[in-house]
Amino acid sequence: MTGDRYEVGALVAFATALFEKVGLDGDKAAVTARLLVDADLMGHTTHGLNLAGPYLAEAQKGSMATSGEPEEVARKAAVLTLDGRRLPGVWLTAKAVDEAIAMAKATGIGAVSIRRAHHIACLATFLPKATEQGLYIQIACSDPNVASVAPFGGTRAVFTPDPYAIGIPTSGDPILIDTSASITTNGMSNRLLAEGKTFDHPWLLTAEGEPTNDPKVFNTDPPGTILPTGGLDHGHKGYGLALNIEALSQGLSGFGRADPGEGWGASVWVQVVDPDAFAGLPAFRRQVDHIVQACRACPPRPGVEAVRLPGQAAMAKKRRAEAEGAVLHPSIMPALLPWADRLGVPVPEPIAR
């Protein structure tokens, strides 16, 4: 089933107006709206405008702060720690990327740690801001208030899916790696559960530790869990990655699972590296371009048309959507229509079915 196609600017304006109506001040509404739409353009449909409704609800009930600035906890030449005060996480992370870029240009490396942010949506959307300037970037995130992934060998949730994204500049499109320490996400699990569908593979565990593809295991008592990346036989890899991500995001920010929960949110790590501070951007691109070409020239296995680079499909989808209009997942606009009606925001007209 395919949804309607919308002009990208109209979607951004629509989402901006919705967020402004619930009180997001300054540029918070516009920045959040733009990056949520970007997620849809890149094909990350569970982490784009699909999150707008839940964000609006959080703002209305006060679980997401709508005004003010983050608190600066600590700053050194190339390091900044922010207390996000539960402000919109998408906006906070965009701000952190800008800060890290500025520090990297001045010192070679810039790192920003954020505690007590609200949810930060799709990590891949933040990467091009750095890669377009020839900078390497990595972002890690965890939610200390939520647990849905068990440690390898266990049956009770300890971690969130713990996403981890990396942007690598090349002479062409950047490499955009957006992965996680778990084999799938909460967002996809929730969507399939709502649609009465199952995963194509047994990526979940029952509370008894048996593999399953049915997200209804999250409704049991105790609930089931998501397998770490690597699954039943190599899940130690995702488990190790989760430990690292939680140390980076919660340990360095000083807020995590050891503290009382505050609701849906995020602890975040952003790091930007300027290749010019090392062997230089031309040397960096020369090496990365060689790897890129080697991957593209690699003979594909049966059933695979060609070897692709991470982010290749996302960038192509985004360009096409910007030129022809964005196709939303069919569940997204119906979920936003009640908000538009309640808040008095005009709904954009589709440009094509």
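Numbers given to residues run from 1 along each chain, matching the order in which its sequence is written. With the structure being a predicted model, the display of local features is reserved for residues of pLDDT at least 70 and the display and counting of side-chain atom pairs for 80 or more, all residues being used for whole-chain, interface and lining totals. Calculation of side-chain values draws on the structure's entire complement of heavy atoms; hydrogens and water are dropped beforehand.

## As for the overall build of the chain
Next, step 1: In terms of regular secondary structure, the chain is built from 11 helices and 12 strands.
Next, step 2: The atom set for the radius of gyration is the C-alpha atoms, and the globule formula is 2.2 Å times the number of residues raised to the power 0.38. What you see for the chain is a C-alpha radius of gyration of 20 Å, in line with the 20 Å of a compact globule of 353 residues.
Next, step 3: Sequence-distant contacts, at least 24 apart, represent 67% of the contacts inside the chain between residues at least 6 apart.
Next, step 4: The method behind every accessible area is Shrake-Rupley, applied with a 1.4 Å probe, and residues are considered shielded solely by the protein chains displayed. Accessible surface for the chain amounts to roughly 15,800 Å². Of this, 55% is attributable to carbon and sulfur atoms. Where helices and strands are cited, they refer to DSSP runs of H or I of at least four residues and of E of at least two residues respectively, numbered from the N terminus. The contact criterion used throughout is that any non-hydrogen atoms of two residues lie within 4.5 Å.

## Section: the side chain of Ser-113
Next, step 1: Along the chain, Ser-113 falls in strand 4 (residues 109-117).
Next, step 2: At 3.1 Å, the side chain of Ser-113 forms a polar contact with the backbone nitrogen of Ser-253. Residues adjacent in sequence count toward polar contacts only when both atoms are side-chain atoms; beyond that, a polar contact is any pair of N or O atoms within 3.5 Å, and within protein one must be able to donate a hydrogen and the other to accept it.

## A closer look at the environment of Gly-62
Next, step 1: Residue placement: Gly-62 occurs in the loop between helix 3 (52-61) and strand 2 (71-76).
Next, step 2: Each residue's exposure class comes from its accessible area (1.4 Å probe, protein chains only) as a fraction of the maximum for that residue type: buried when under 20%, exposed when over 50%, partly exposed otherwise. On the basis of relative accessible area, Gly-62 is assigned to the exposed category, the value being 55%.
Next, step 3: Sequence-wise, Gly-62 and Leu-24 are 38 residues apart; in three dimensions their C-alpha atoms are separated by 11 Å.

## As for the packing of aromatic side chains
Next, step 1: Here a pair means two rings of Phe, Tyr or Trp (six-membered ring of Trp) with centres within 6.5 Å. Their orientation is stacked below 30 degrees between planes, edge-to-face above 60, and tilted elsewhere. The tally for this structure, following the rule as stated, stands at 3 aromatic pairs.
Next, step 2: On the numbers, 5.6 Å between centres and 55° between planes, the contact of Tyr-55 with Trp-264 is tilted. Here Tyr-55 is found in helix 3, whereas its partner Trp-264 is found in the loop between helix 8 (236-251) and strand 11 (266-273), with 209 residues between them in sequence.
Next, step 3: A relative accessible area of 25% places Trp-264 in the partly exposed class.
Next, step 4: The side chain of Lys-28 reaches across the aromatic face of Trp-91, ending 4.2 Å from its centre.
Next, step 5: Positioned above the aromatic ring of Trp-339, the side-chain terminus of Arg-342 is 4.5 Å from the ring centre. Remark: a charge is flagged as sitting over a ring if the NZ atom of Lys or the CZ atom of Arg is within 6 Å of the ring centre and within 35 degrees of the ring normal.

## A few points about the layout of surface pockets
Gaps between atoms show up when a probe of the same size as a water molecule is rolled over them.
Next, step 1: Method remark: on a 1 Å grid restricted to protein atoms, a set of points is classed as a cavity if a 1.4 Å probe fits but cannot get out and as a pocket if it is open with protein on both sides within 12 Å along at least five of seven lines; lining residues have an atom within 4 Å of a point. Grid points are joined across faces, edges and corners, and a volume is the space filled by probe spheres set on the points. Computed from the structure, the largest pocket encloses a volume of approximately 1,100 Å³.
Next, step 2: Around the largest pocket, the lining is made up of 45 residues, and of these Thr-46, His-47, Thr-185, Asn-186 and Gly-187 lie nearest the centre.
Next, step 3: Among the secondary structure elements, those contributing two or more residues to the lining of the largest pocket are strand 5 (136-142), strand 7 (175-180), helix 6 (186-195) and helix 10 (312-324).
Next, step 4: Only Asp, Glu, Lys and Arg are considered charged, only Ala, Val, Leu, Ile, Met, Phe, Trp, Tyr, Cys and Pro nonpolar, and every remaining residue, Gly among them, polar. Among the residues forming the lining of the largest pocket, the class breakdown is 20 nonpolar, 20 polar and 5 charged.

## Describing empty space enclosed by the protein
Next, step 1: Evaluation of the coordinates by the stated rule reveals 1 cavity of 30 Å³ or more.
Next, step 2: Space inside the largest cavity adds up to approximately 30 Å³.
Next, step 3: Lining the largest cavity are Arg-86, Arg-116, Ala-117, Pro-144, Asn-145, Phe-255, Glu-262, Gly-265 and Ala-266.
Next, step 4: Its residues assigned to classes, the lining of the largest cavity shows 4 nonpolar, 2 polar and 3 charged.

## Thoughts on the pattern of salt bridges
Next, step 1: Salt-bridge detection follows one rule: a side-chain nitrogen of Lys or Arg within 4 Å of a carboxyl oxygen of Asp or Glu. Using the criterion set out here, one finds 16 salt bridges in the structure.
Next, step 2: The closest approach of N and O atoms between Glu-58 and Lys-61, which form a salt bridge, is 3.2 Å. In this pair, Glu-58 and Lys-61 both sit in helix 3, 3 residues apart, roughly one turn of the helix.
Next, step 3: The buried category is assigned to Glu-58, whose relative accessible area is 9%.
Next, step 4: Here Arg-257 ties to Glu-246 by a salt bridge, and the two come within 2.8 Å at their closest N and O atoms. Note that Arg-257 is positioned in the loop between helix 8 and strand 11 and Glu-246 in helix 8, a separation of 11 residues in sequence.
Next, step 5: On the basis of relative accessible area, Arg-257 is assigned to the partly exposed category, the value being 28%.
Next, step 6: Each of the salt bridges in this network shares a partner with another, and the network as a whole consists of Asp-83, Arg-115, Arg-116 and Glu-262.

## Looking at unusual backbone geometry
Next, step 1: That bond from Asp-221 to Pro-222 is cis: its omega, 0°, falls within 30 degrees of zero.
Next, step 2: Tracing the backbone through its elements, the reader meets Pro-222 in the loop between strand 9 (211-212) and strand 10 (225-226).
Next, step 3: Despite not being glycine, Arg-85 shows a phi value in the positive range, around 55°.
Next, step 4: Take Arg-85: it is sitting in the loop between strand 3 (79-83) and helix 4 (89-107).
Next, step 5: Even without being a glycine, Arg-86 presents a positive backbone phi close to 60°.
Next, step 6: Following the sequence through the fold, Arg-86 ends up in the loop between strand 3 and helix 4.
Next, step 7: For Arg-86, a relative accessible area of 9% corresponds to the buried category.

## Regarding the nonpolar core
Next, step 1: For the purposes of this section, nonpolar cores are sets of buried Ala, Val, Leu, Ile, Met, Phe, Trp, Tyr and Cys residues that join through side-chain atoms within 4.5 Å. Counting residues in hydrophobic clusters, the biggest one holds 72 residues, and the most contacted among them are Phe-19, Leu-49, Val-112 and Ile-139.
Next, step 2: With 10 residues, helix 4 is the single largest residue contributor to this core.
Next, step 3: In contact with Ile-139, not counting residues within four places along its chain, are Val-97, Leu-123, Phe-126, Leu-127, Pro-163, Tyr-164, Ala-165, Val-268, Trp-269 and Val-270.
Next, step 4: Counting residues in hydrophobic clusters, the runner-up holds 21 residues, among them Tyr-164, Ile-226, Ile-245 and Trp-269.

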